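# What the coordinates show
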Amino acid sequence: MYSDVAINVTFTGIVIVFSMLVLLVLVLMIFGLISSFATKLSEKKSERINKAQLEKMALDTNIEEPIILTQNAPSNQNEIVAAISAAIATIYSGSGKKPIIKSIKKSGSRRSAWASAGIADNTRTF
């Protein structure tokens with residue numbers, strides 16, 4: 001008599017635990033789908049905003065003097081100049097001011113050689 005009750009309680013407990021685990025997995029999968037959908041929507045929105053801002057900056061940008069690179073200009077200097085110019089144009093985009101970049105200089109490292117080596121070692125790709 002007690003063994004039948006124990007078997008029924010054990011079986012019922014196992015069924016309840018596994019059914020709740022399956023339900024939990026389904027809920028987490030639904031949250032993941034909702035999150036990925038929201039991420040895709042925000043990426044599309046930011047892409048549209050970025051395109052509009054780039055078009056506006058292209059129309060508004062008026063650099064009067066050339067940009068001068070100093071201190072051992074790297075071989076990909078055009079990309080660096082473009083990235084720095086875009087960052088500065090983005091900063092000044094809402095102010096109505098027109099920035100003029102006269103020179104771009106590399107800042108000196110404030111870390112010791114050992115600290116730089118440690119950072120390079122700990123942040124390299126696998």
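Look up: the structure comes first, before these words.
Calculation criteria
- Residues numbered from 1 in each chain as written.
- Predicted model: local features only at pLDDT ≥ 70, side-chain atom pairs only at ≥ 80, totals over all residues.
- Heavy atoms only, no water.
- Patch = residues over 30% accessible without salt bridge, like charges linked within 9 Å, V, L, I, M, F, W, Y side chains within 5 Å.
- Areas by Shrake-Rupley, 256 points an atom, 1.4 Å probe, with all protein chains shown as cover.
- Salt bridge = Lys/Arg side-chain N within 4 Å of Asp/Glu carboxyl O.
- Lys, Arg positive; Asp, Glu negative; His and termini not counted.
- Charge placed at Lys NZ, Arg CZ, Asp CG, Glu CD.
- Helix = DSSP H or I, 4+ residues; strand = E, 2+ residues; numbered from the N terminus.
- Buried < 20%, exposed > 50% of the residue type's maximum accessible area, 1.4 Å probe, protein only.
- Expected span 1.5 Å × (residues − 1).
- Arc of directions from axis to C-beta.

### A short note on a positive patch on the surface
A cluster of basic residues, Lys-40, Lys-44, Lys-45 and Arg-48, forms a positive patch on the protein surface. Examined against the element boundaries, Lys-44 turns out to sit in helix α1 (residues 2–60). On the basis of relative accessible area, Lys-44 is assigned to the exposed category, the value being 57%.

### Looking at helix α2 (residues 77–92)
Its 16 residues give α2 an end-to-end C-alpha distance of 22 Å, which sits within 8% of 22 Å, the value for a rise of 1.5 Å per residue. For α2, the set of buried residues is Val-81, Ser-85 and Ala-89. The arc that holds every buried residue of α2, seen down its axis, measures 65°, which confines them to one face. Opposite the packed face of α2, turned more than 90 degrees from it, sit the exposed residues Glu-79 and Ile-91.

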